Amino acid sequence: MSAPTIQAPPPAAVSPEELALRPSWKTPIVFGVLALVALITFGILGESGQTSTFGISTGSDAWQIDPLALSSQPVALGLSLVCVVIAAYSAWLVRAGQAVPMWLTVLFTVAFVLAFLVWAVAGEQISFTSLLQGALALSVPLVFGALSGVLCERAGVINIAIEGQLLAGAFLSAVVATLTGSLYVGLIAAIVAGLLVAFVLAVFAIKYIVNQIIVGVVLNVLVIGVTNFLYGQLLAPEAATWNSPGTLPRIEIPLLSEIPVIGPVLFEQTIVVYAMYVTVILVQIALFRTRWGLRVRAVGEHPKAADTLGIQVNKVRFRNVLLGGAVAGLGGAFFTLGNVGAFSREMSAGQGFIALAAMIFGRWSPLGALGAALLFGFANNLQSLLGIIGTPIPSEFMLMLPYILTIFAVAGLVGRVRAPAADGEPYVKS
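What you see is a predicted model; the values in this text were computed from it and never measured.

Below, the discussion takes up the packing of helix α3 (residues 72-95) against helix α4 (residues 102-120). In the contact formed by α3 and α4, the axes pass within 8 Å of each other and the chain directions differ by 160°. Here α3 lies roughly antiparallel to α4, going by the angle between them. Regarding α3 and α4, the two cross each other, and that crossing is left-handed. Contacts from Ser72, Val75, Ala76, Leu79, Ser80, Val82, Cys83, Ile86, Tyr89, Ser90 and Leu93 in α3 reach Trp103, Leu104, Leu107, Phe108, Ala111, Phe112, Leu114, Ala115 and Val118 in α4. Partitioning the contact of α3 with α4 into residue classes produces 17 nonpolar, three polar and no charged.

Structure follows, in structure tokens:
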């Protein structure tokens, strides 16, 4: 008679949430490498005896602040050392079994960017307020596009058609505003345009269960083709009739707009930018503080379980895709009514795809997407500014930066990112 054998219990299954909370050495390693690059390039090898000057105040500020002149090498060296300390602290946290918090990543990013800025502007002068103003302007379509992606993907539908929704919103807002003579009617038309593109996406992706990525790509190509055709046939030859909407006026918030730096940047904007502030706050609260948001996230994470609780999964998804399309359409109006004052061929220029990257970088959160979009807009504006003052840094490098950051985020090098569990999976009720 053989002795009974004792089998080891099977390993416990690890949920994605538990996996996301596990400490990883990737972040301290990336921090360490970047901190060394900053220390050597910006600090030790930085040009000594130079001064980096940053203009602070504008003429409309309530009080004036003198330009900030910093000794380039010592300040860059100090900020680089801050990066080194943060990298060491993150390594200590991981060694102690703790995850690196998001605020530490934000702090490291700020210190690294400031060190780079002080080094790049050595011997030159730039307006810090203008830099932030331009960054915000370039971020607006990205924020709307990223919010559209969050609304759709939190419900389990991949929205690759953001590019098409932005472009459709830009096109229809310009045409309708020109024909009616009202910029605000043009804004409504932009929302309608985004809704129409989103409706097609929702019908094919949810009702007919066509591959969501393929539908999104096809819609992007379709919108580009239609707008290019109409632009060539109508808008370009008869611009006065079809394509001269003008731009929205800037609205100054009393008192707040006179605060140095943040006043001109945040409170001297068009109604589209103020709508962006409100939309970010509303989506953040709705998704994470309301019953509606709980249902949406349940549908995106576990649609079958949501169905057993009486939630109509596909109806929730349909509504969210439409809502996302409306948000993206409004963002498209910024290209025409908020910035240029006319429509031109493919003027969205791939911003919809960068918005998707911002959504991923922001971890499918409205506030995270806002931060990522602002970072991408800052990098984009910075490359233009550095090109104007003639720094030796290739502008192509700065243009690549958002995509490099996105690869880092997707690879989990700045913290783990996880899409909703049922993202992209159609739901068929059995």
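Before going further, it helps to examine unusual backbone geometry. The backbone of Glu346 shows a phi angle near 45°, a positive value even though the residue is not glycine. By secondary structure assignment, the location of Glu346 is in the loop between α14 (313-340) and α15 (351-361). Take Glu346: its relative accessible area is 41%, and that puts it in the partly exposed class. The phi torsion at Arg363 lies on the positive side, around 60°, for a residue other than glycine. On the secondary structure map, Arg363 appears in the loop between α15 and α16 (366-389). On the basis of relative accessible area, Arg363 is assigned to the partly exposed category, the value being 30%.

What the domain assignment reports for the protein is domain 1 (25-123) and domain 2 (128-413). Each of domain 1 and domain 2 has a C-alpha centre, and the two are 30 Å apart. Of the residues lining the interface, 20 residues belong to domain 1; the matching set on domain 2 comes to 21 residues. For the pair domain 1 and domain 2, the two sides together bury roughly 1600 Å², of which 73% comes from carbon and sulfur. At the surface where domain 1 touches domain 2, the tally comes to zero salt bridges. Inspection of the region where domain 1 meets domain 2 yields two residue pairs in polar contact (both at pLDDT 80 or more). The set of elements that each furnish at least two residues to the side of domain 1 that touches domain 2 consists of α2 (26-44), β1 (51-55) and α4. Residue contributions to the side of domain 1 that touches domain 2 peak at seven residues, all from α4.

This part covers the sheet that holds strand β3 (residues 125-127). An order of β2-β1-β3 is seen for the three strands of this open sheet, with the pairing classed as mixed. Each of the sheet's edge strands pairs with one partner strand only, and the pair in question is β2 (68-71) and β3. Going from strand to strand, the sheet's axes swing by 20° on average, the running direction of each strand aside. Bridge analysis of β1 against β3 gives three bridges, and the strand direction is parallel. Considered in β3, the bridge of Gly55 is made with Ser127. Across the sheet, α3 is in contact with β1 and β2; its angle to β2 comes to roughly 80°.

Rules used in this analysis
Each chain has its residues counted from 1, following the order in which its sequence is written. For a predicted model such as this one, the threshold for reporting local features is a pLDDT of at least 70, and the threshold for listing and counting side-chain atom pairs is 80 or more; totals across whole chains, interfaces and linings nevertheless cover every residue. Computation of side-chain values: all heavy atoms of the structure, hydrogens and water removed. Only C-alpha atoms enter the line fits that serve as axes; for helices the fit covers just the stretch in contact. Angles between N-to-C directions range over 0 to 180 degrees. The helix count covers DSSP runs of H or I at least four residues long, the strand count covers runs of E at least two residues long, and both are numbered beginning at the N terminus. An angle below 35 degrees is read as roughly parallel, one above 145 as roughly antiparallel, one from 65 to 115 as roughly perpendicular, and any other as oblique. Definitions for this section: a left-handed crossing has its near helix turned counterclockwise from the far helix by less than a right angle. A right-handed crossing has that turn clockwise. Residue contacts are defined here by distance: any two heavy atoms, one from each residue, within 4.5 Å place the two residues in contact. The nonpolar class holds Ala, Val, Leu, Ile, Met, Phe, Trp, Tyr, Cys and Pro. Asp, Glu, Lys and Arg form the charged class, and all remaining residues, Gly among them, are polar. Only protein chains enter the accessibility calculation, which uses a 1.4 Å probe; a residue is then buried when its area is under 20% of its type maximum, exposed when over 50%, and partly exposed in between. By convention here, the domain bounds are inherited from an automatic or database domain assignment. The term buried area refers to how much accessible surface (probe radius 1.4 Å) is lost by two components on association, counted for both of them together. Put simply, a salt bridge is a Lys or Arg side-chain nitrogen that is within 4 Å of an Asp or Glu carboxyl oxygen. Pairs of N or O atoms within 3.5 Å make up the polar contacts considered here, provided that, within protein, one atom can donate a hydrogen while the other can accept it, and that residues adjacent in sequence are counted only when both atoms are side-chain atoms. Pairing between strands is defined by DSSP: at least two bridges between the two strands are required.

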